[in-house]
Amino acid sequence: MPAELQANASLNALNAFGVNATAAWLAHVQCESDLAPVLADRRVAGWPQLVLGGGTNILFASDFPGLVVRVGIPGLRAAGQTGDSWLFEIGAGMDWHHTVQSLLEAGFGGLENLALIPGTVGAAPIQNIGAYGLEIAERLHSVRAWDCRGQAVVQMDAAECGFGYRDSVFKREYKGSRIVLSVTLALPKRWQPVLGYTELDRELKALSNQTPSAGEIFNAVCAIRRRKLPDPALLGNAGSFFKNPIVTREKRTELISHFPSLVSYALSGGRFKLAAGWLIEACGMKGASRGRAAVYDRQALVLVNRGGATGREILDLASEVQARVAEKFGVVLEPEAVIV
Ligand code: EPU
């Protein structure tokens, strides 16, 4: 059945923060061929558009005055191989974690460090999801997308996606103009564990001193995430609300001289990534609540809806966190979540 347009539709169940919001128009697109007709429907011609996957990285601070397209395109198929990888093409609407799990169960490791990240496969390249030392950029072969300007399906290889830390061309030059239809992942034929992230290594050491298997890494990542990150089904949240800020060597040296326990990681090019969670905690805001919005008490980088918060309340708390961090450290925290 072709996708239908719903007028004045609730987005409450479609965003992981669980805030109340409506869209002027909403369409659930379950198959690729439904997308172009929905976008061309004369009722929504000229209205702003927003593409939604799992709604796990978005904050609706107000209603959306346009068309929300929820992409639910299914599918997982073996798509051949390259010299060193097995390829799998996965529909944009597939759940990310279930995809990681099914591929692992079928004997294909390589995504286990990215277990339990909420959201859909189609959303994964947009912000280049990453955790525990791995980013999807390192496992992505190509993306098929609908190009709204050229009115055609385009195939983009990993280089064309312009990946950076929580960043890609889909957030920049193709923002609003390319809609992901499917993602082809490249999983290594010769699997090697991705280790080196202190907390993961510690968790694995506690299990055994042997080289861990992909399944063991998967379980360890799930255990860490369950301990530190709230389940959106129980407590509304969008994962890390801010990006970890990147600063110059000079700035980091200056900060260390005042705050010797500052947590930072060296990047190539002489710059440093600071742990935003540490900065927020050092401002005394871990666990702080303002009305029904709060800074999560086990990971300060996550903002939560304690029940019934409005998007505005969460945004006000985010602004307070940014102001406090800027005042104490002279560092700007950029939101990682998309704010609408
Ligand atoms: N820290 C604190 N206090 C806190 C939180 C963190 O002091 O409240 C310090 C600790 O020293 C900790 C360090 O910050 O060791 C890093 O914390 P963590 O390992 O939890 O990682 P993160 O930098 O806070 C990033 C990603 C997460 C990802 C983890 C693991 C971003 C914006 N966030 O968080 O991604 O799961 O690393 O790789 O890069 C997400 O994007 O939604 C997300 C959850």
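The structure contained in this document is the topic of the report that follows. These numbers come from a predicted model, not from an experiment. (Residues numbered from 1 in each chain as written. Predicted model: local features only at pLDDT ≥ 70, side-chain atom pairs only at ≥ 80, totals over all residues. Heavy atoms only, no water.)

## Some words on the overall build of the chain
Each helix and strand counted, the chain has seven helices and 20 strands in total. Over its C-alpha atoms the chain spans a radius of gyration of 20 Å, differing by no more than 12% from the 20 Å that the globule rule assigns to 340 residues. Principal-axis analysis of the C-alpha atoms gives the chain an extent of 60 × 50 × 35 Å. Partitioning the contacts of the chain with sequence separation of at least 6, the portion at a separation of at least 24 is 60%. As presented, the chain carries roughly 15600 Å² of accessible surface, and 51% of it is formed by carbon and sulfur atoms. Charged side chains of the chain number 34 positive and 32 negative; the gap between the two group centres comes to 3 Å. (Helix = DSSP H or I, 4+ residues; strand = E, 2+ residues; numbered from the N terminus. Rg over C-alpha atoms; globule rule 2.2 N^0.38 Å. Contact = heavy atoms within 4.5 Å. Areas by Shrake-Rupley, 256 points an atom, 1.4 Å probe, with all protein chains shown as cover. Lys, Arg positive; Asp, Glu negative; His and termini not counted. Charge placed at Lys NZ, Arg CZ, Asp CG, Glu CD.)

## So, the sheet that holds strand 7 (residues 85-91)
Read across the open sheet, the five strands follow the order 6-7-12-10-11; overall the sheet is antiparallel. Both outer strands of the open sheet, strand 6 (76-81) and strand 11 (152-157), are each paired with one neighbouring strand and no more. Put simply, the sheet's adjacent strands are angled 25° from each other on average, direction ignored. Direction of pairing for strand 10 (residues 140-147) relative to strand 11: antiparallel, over a ladder of six bridges. (Pairing = 2+ DSSP bridges. Axes fitted to C-alpha atoms, helices over the stretch in contact; angles between N-to-C directions.)

## Looking at the site of the ligand
As a matter of local geometry, the ligand sits amid 25 residues, with Tyr 132, Tyr 165, Arg 166, Tyr 197 and Glu 281 nearest to it. The contact in question runs from an oxygen atom of the ligand to an N or O atom on the side chain of Arg 166, over 2.8 Å. Here an oxygen atom of the ligand and a side-chain polar atom of Tyr 197 are 2.5 Å apart. In isolation the ligand offers 820 Å² of accessible surface; the protein chains occlude 83% of this area. Ranked by residues supplied to the shell around the ligand, first place goes to helix 6 (residues 276-282) with three residues. Tallied by class, residues from the shell around the ligand come to twelve nonpolar, five polar and eight charged. Each of domain 2 (76-188) and domain 3 (236-339) contributes no fewer than three residues to the shell around the ligand. (Near = heavy atom within 4 Å. Polar contact = N/O pair within 3.5 Å; in protein donor to acceptor, adjacent residues only side chain to side chain. Nonpolar A, V, L, I, M, F, W, Y, C, P; charged D, E, K, R; others polar. Domains from an automatic or database assignment.)

## What about the pattern of salt bridges?
A complete count under the given rule lists 17 salt bridges for this structure. For the salt bridge of Arg 144 with Glu 89, the shortest nitrogen-to-oxygen distance reads 3.8 Å. Of this pair, Arg 144 sits in strand 10 while Glu 89 sits in strand 7, placing them 55 residues apart in sequence. Shared partners join several salt bridges into a network, and the residues in it are Glu 32, Arg 77, Glu 89 and Arg 144. (Salt bridge = Lys/Arg side-chain N within 4 Å of Asp/Glu carboxyl O.)

## Thoughts on the sheet that holds strand 14 (residues 246-247)
Spatial strand order, 14-16-15: three strands in an open sheet with antiparallel pairing. Each having just a single partner strand, strand 14 and strand 15 (264-266) make up the two edges of the open sheet. In this sheet, strand 16 (residues 272-274) lies alongside strand 14 in antiparallel orientation, the contact comprising two bridges. Among the inter-strand pairings, Ile 246 is bridged to a residue of strand 16, identified as Lys 273.

Distances and angles like these do not, on their own, reveal function.
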